[in-house]
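Tertiary structure, described
Listed below are the residues making up each chain.
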Amino acid sequence: MARRGAPAGGTGGKDKAKGRKDRRGGRAEREPFSGPVGSGLAELIPDRERPDGWTLRLDGAPQSHVDLADPTYLSFAYQRRIGHIIDLAAPPLHPLNVLHLGGGAFTLARYTAATRPRSTQQVVEVDAALVQLVRDRLPLDPQARVRVRAVDAREGLGKLPDDWADLVVADVFSGARTPAHLTSAEFLTDVRRVLKPSGQYAANLADGPPLAHLRGQVATAAAVFPELALAADPVVWRGRRFGNAVLLASALPLPVAEFTRRVASDPHPGRVEHGRALMDFTGGAAVVTDAAARPSPAPPPSVFENP
């Protein structure tokens, strides 16, 4: 979950971000880097357990993790669940047209490029300075067919032709909250326009007790897509803490059984609901429209402690 806020000053230089060799000429010692971007203070923190791993933080909150040597490694639970969706969207190695709303460190675009060569991908990330930082310090594989556009997510979505995407992935946060204009039925109607008839929509959602936002998002998606599934940690389902949930939607039946099995087998096992049980979960929540849309709730400060 991204957390973005007011700009702040930065420290460090390009040589520090990439590391420096020790006196014996061994592997470069990597050091953290921080600097201002359009949406706040960006930090790159080296993963001490993975020699080519980095965590991107925005205003202190972990936003993305990448392993430049192994882009198939997904550290965050919600990204792992979206990775399952990418895996199940078509037969193995079959290339996809993918639209990513929200860029971060391009983790899921890297994953798609590595697992599905020749895929065509577009990343829409409003923060141009963040895009440039990631390009400079966590460069994409030059063979990956990934185009990055620094525009608002809904604006970028509106520029794509009908029936273009096999998959649309939404992972957009501003100040740790999903912007209101990306929560409405009108937004999802445009997503469905861009999707192929067999295409799928995956969204990273965040909420806490009493899960009113999550219930409303499921009800809104159900007004646009006939097939839905929702994956989350059991403690989130029970309304015991703030956390992430991954929504999967399509016009055609979903691979629910295999998705459920994979989510349950994750290092942090989750639970998937679909069908009648998922509709019952909404509790009669109203469909969100542009006129009534609100950002997702702000997480409590404790969510970002000891990540």
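Because the structure is a prediction, the values reported are computed rather than measured.

Details of the overall build of the protein chain
When its secondary structure is counted, the protein chain shows 10 helices and 12 strands. When burial is assessed residue by residue, the protein chain has 51% of its 307 residues classed as buried. Taking the intrachain contacts of the protein chain between residues at least 6 apart in sequence as the baseline, contacts between residues at least 24 apart amount to 69%. Total accessible area on the protein chain stands at roughly 13500 Å², and carbon and sulfur atoms take up 51% of it.

Thoughts on the side chain of Q121
Within the fold, Q121 resides in strand β6 (residues 120-124). Exposure remark for Q121: the relative accessible area of 1% places this residue in the buried category. At 2.6 Å, the side chain of Q121 forms a polar contact with the side chain of H100.

Points about the sheet that holds strand β3 (residues 53-58)
On the basis of which strands lie adjacent, the open sheet formed by four strands has the order β1-β2-β3-β4 and antiparallel pairing. Edge positions in the open sheet fall to β1 (33-37) and β4 (61-67), since each of these has one partner strand only. Adjacent strand axes in the sheet meet at a mean angle of 20°, parallel and antiparallel pairs treated alike. In the sheet, strand β2 (residues 40-46) pairs with β3 via five bridges, with the strands oriented antiparallel.

Topic: the pattern of salt bridges
Taken as a whole and assessed by the stated rule, the structure comprises 14 salt bridges. A salt bridge links R262 to D87; the nearest nitrogen and oxygen atoms lie 3.3 Å apart. Of this pair, R262 sits in helix α9 (residues 256-264) while D87 sits in helix α2 (residues 77-88), and the two are 175 residues apart along the sequence. Given the relative accessible area of 24%, R262 is considered partly exposed. For D87, a relative accessible area of 25% translates into the label partly exposed. Salt bridges sharing partners connect three or more residues here, namely R81, D233, R241 and D266.

Quick look at the nonpolar core
Counting 38 residues, the largest nonpolar core has L101, V191, Y201, F225 and L230 as its most contacted members. For this core, the element with the highest residue contribution is helix α6 (residues 185-194), accounting for five residues. Ignoring any residue separated from it by four or fewer positions in sequence, one finds Y201 in contact with V168, A170, F187, L188, V191, L195, F225, L247, L248 and A249. Counting 23 residues, the second-largest nonpolar core is a separate cluster that includes Y78, L108, Y111 and A231.

With respect to the sheet that holds strand β10 (residues 227-232)
Read from one edge of the open sheet, eight strands run β7-β6-β5-β8-β9-β11-β10-β12, paired in mixed fashion. Each of the sheet's edge strands pairs with one partner strand only, and the pair in question is β7 (146-149) and β12 (271-274). Sheet twist, expressed as the mean angle between neighbouring strand axes with direction ignored, is 15°. Packed on one face of the sheet, helix α3 (residues 107-115) meets β5 (97-101), β6, β7 and β8 (165-170) and runs near 175° to β6.

Observations regarding helix α10 (residues 275-282)
Looking at α10, one finds that the buried residues are L278, F281 and T282. Within α10, the buried residues cover an arc of 105° as seen down the axis, which keeps them to one side. Seen from the open side of α10, the exposed residues pointing more than 90 degrees away from its buried face are R276 and D280. Looking at the buried side of α10, the elements it contacts are α7 (212-222), β10, α8 (234-237) and β12. Looking at the residues trailing α10, positive phi occurs at G283, about 60°.

Concerning the confidence of the model for the protein chain
With 90% of its residues at a pLDDT of at least 70, the protein chain reaches an overall mean of 90. Segment residues 1-17: pLDDT under 50, and 64 contacts once partners within four positions in sequence are set aside and those in other chains are kept. With pLDDT under 50 throughout, residues 20-26 is counted as low confidence; its partners more than four residues away or in other chains account for seven contacts.

Here's the deal with the packing of α2 against α9
Running from amino to carboxyl end, α2 crosses α9 at an angle of 145°, the nearest separation of the two axes being 10 Å. Read as a crossing pair, α2 and α9 show a hand that is right-handed. Note on element contacts: α9 touches α2 through E258, F259, R262 and V263, opposite R81, H84, I85, D87 and L88.

Calculation notes
Residues numbered from 1 in each chain as written. Predicted model: local features only at pLDDT ≥ 70, side-chain atom pairs only at ≥ 80, totals over all residues. Heavy atoms only, no water. Helix = DSSP H or I, 4+ residues; strand = E, 2+ residues; numbered from the N terminus. Buried < 20%, exposed > 50% of the residue type's maximum accessible area, 1.4 Å probe, protein only. Contact = heavy atoms within 4.5 Å. Areas by Shrake-Rupley, 256 points an atom, 1.4 Å probe, with all protein chains shown as cover. Polar contact = N/O pair within 3.5 Å; in protein donor to acceptor, adjacent residues only side chain to side chain. Pairing = 2+ DSSP bridges. Axes fitted to C-alpha atoms, helices over the stretch in contact; angles between N-to-C directions. Salt bridge = Lys/Arg side-chain N within 4 Å of Asp/Glu carboxyl O. Core = buried A, V, L, I, M, F, W, Y, C linked by side-chain atoms within 4.5 Å. Arc of directions from axis to C-beta. pLDDT = per-residue confidence, 0-100. Left-handed = near helix turned anticlockwise from the far one by under 90°.

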